[in-house]
Amino acid sequence: MSGYIWFEGIPFPTVHIQKEILEEIRHKFVIRDKDTIIVAYPKSGTNWMIETVCLIQTKGNPEWVQSIPSWDRSFWVETVSGYQKLINKEGPHLISSHLPFHLFPKSFFSSKAKMIYIMRNPRDVLVSGYFFWRAAKFVKNPESLTTYFDWFLKGNVPYGSWFEHIRGWLSMRESENVLLLSYEDMKKETRRMVEKICDFLGKKLEPDELDMVLKYSSFQAMKENKMSNFRLMPKESVTHDFVLMRKGVTGDWKNHFTVAQAEAFDKVFQEKMAGFPPELFPWQ
Ligand code: PPS
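Residues numbered from 1 in each chain as written. Predicted model: local features only at pLDDT ≥ 70, side-chain atom pairs only at ≥ 80, totals over all residues. Heavy atoms only, no water.

### With respect to the site of the ligand
The following threshold applies: We call a residue near a molecule or strand when any one of its heavy atoms sits within 4 Å of it. Any pair of N or O atoms that falls within 3.5 Å is considered a polar contact. Within protein, one atom must be able to donate a hydrogen and the other to accept it, and sequence-neighbouring residues count only if both atoms are side-chain atoms. Numbering of helices and strands starts at the N terminus; helices are DSSP runs of H or I of at least 4 residues and strands are runs of E of at least 2. Three residue categories are used. Nonpolar comprises Ala, Val, Leu, Ile, Met, Phe, Trp, Tyr, Cys and Pro, charged comprises Asp, Glu, Lys and Arg, and polar comprises the others, including Gly.
For the ligand, the set of nearby residues contains 22 residues, the closest of which are Thr46, Ser128, Tyr183, Lys247 and Gly248. With respect to the ligand, the side chain of Trp48 contributes an N or O atom lying 3.4 Å from a nitrogen atom. The separation between a nitrogen atom of the ligand and a polar main-chain atom of Ser217 is 2.9 Å. Elements supplying a minimum of two residues to the shell around the ligand: α2 (46–57), α6 (122–133) and α12 (219–224). Among the elements that line the shell around the ligand, the one with the most residues is α2, at 3 residues. Taken together, the residues that form the shell around the ligand break down as 9 nonpolar, 9 polar and 4 charged.

What follows is the structure in structure tokens.
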């Protein structure tokens, strides 16, 4: 399949990614105890979490999120430029990643660095990814949702199989330095989830500071913030349809899947996620 960089059987976007760097970060990059890491499979709410954590760090003051692009606040470890910044700038760092468990820097697993892993109903991830990737010039473009649906179930989409990503990272869910959250809980109980993140990160915020975190990390605020909405992406690598802040809702898959697709998806989900307690997945 063309349109990707393949590494260890996983398709990656053709911009910002180099195999040598993927190899190097896995074996050589040192994650420090004081670093904070945000990991998610693409289209699961990664940028929402980045905005939330940035605003928690500034106690709700929006100056930072409104003046610096999200990728220069939280560095993407697997990208060439993100990795360069991480090794050249003094920490502690805020680090983002979409990497699957087995390709993540090994140093994390013996560190005390805190990681937030965010997951989302894979049906919504699929729909969000379809609209996003088809407008990007740096991945293989699906000509229809039917095509993308097949690719997704096979794991032939950027960063590979959702099922493998989740299976890998869920193995860390009992670790005290890993906080597992879902997009669905973030939508349903945003304030409570932000409080949970504050507790996990050891940040004490006043109620009015928390209000500001919620205000500036809201869908509408992020949609209007060009430092967070991906409008700064170079024009030559995307089409005019390219948008990060698309709908920001749960359950949009119901507007796009056929009955047959919904049934086929359920079947694969049951098979691939057998053995995990269903209550882990709040969308079920
Ligand atoms: S990426 O490009 O893979 O890093 O995308 P990611 O940030 O993981 O996910 C993008 C989806 O998250 C939605 N989003 C939000 N929803 C609610 N509130 C806020 N603040 C928010 N910020 C981002 C975004 O709209 C994408 O989902 P869809 O379903 O496409 O709208």
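### Focus: the packing of helix α8 (residues 162–170) against helix α13 (residues 259–272)
Helices that pack against each other are described as a pair by the angle of their axes relative to one another and the distance between those axes. Where we set the bar: Angles shown run from 0 to 180 degrees and are taken between the N-to-C directions of axes, each axis being a line fitted to C-alpha atoms and, for helices, limited to the stretch in contact. Just so you know how the angles are binned, under 35 degrees is roughly parallel, over 145 roughly antiparallel, 65 to 115 roughly perpendicular, and the rest oblique. Two helices that cross are described as forming a left-handed crossing if the nearer one is turned anticlockwise from the farther one by less than a right angle, and a right-handed crossing if clockwise. Contacts between residues were defined by any pair of non-hydrogen atoms, one from each residue, lying within 4.5 Å.
Between α8 and α13, the shortest axis-to-axis distance is 11 Å and the interhelical angle comes to 30°. Looking at the two axes, α8 sits roughly parallel to α13. The handedness of the crossing between α8 and α13 is right-handed. Every residue of α13 that contacts α8 at Trp162, Phe163 and Arg167 is listed here: Phe265, Val268, Phe269 and Lys272. Grouping the constituent residues of the contact of α8 with α13 by class yields 5 nonpolar, no polar and 2 charged.

### Considering the pattern of salt bridges
Convention followed: The term salt bridge refers to a pairing of a side-chain nitrogen on Lys or Arg with a carboxyl oxygen on Asp or Glu at a separation within 4 Å. Exposure is judged per residue with a 1.4 Å probe applied to protein chains only, and the accessible area is read against the type maximum: over 50% gives exposed, under 20% gives buried, and values in between give partly exposed.
Within the structure shown, the criterion is met by 11 salt bridges. Residue Glu23 pairs with Arg26 through a salt bridge whose shortest N-O separation is 3.8 Å. Taken together, the positions of Glu23 and Arg26, both in helix α1 (residues 19–27) and 3 residues apart, correspond to about one turn of that helix. Relative accessible area serves as the criterion here: at 33%, Glu23 is assigned to the partly exposed category. Where Glu51 meets Arg73, a salt bridge forms, and the shortest distance between an N and an O atom there is 3.0 Å. With Glu51 in helix α2 and Arg73 in helix α4 (residues 70–73), this residue pair connects regions lying 22 residues apart in the sequence. Classification of Glu51 as buried rests on a relative accessible area of 1%. In this structure Arg73 comes out as buried when scored by relative accessible area, which is 3%.

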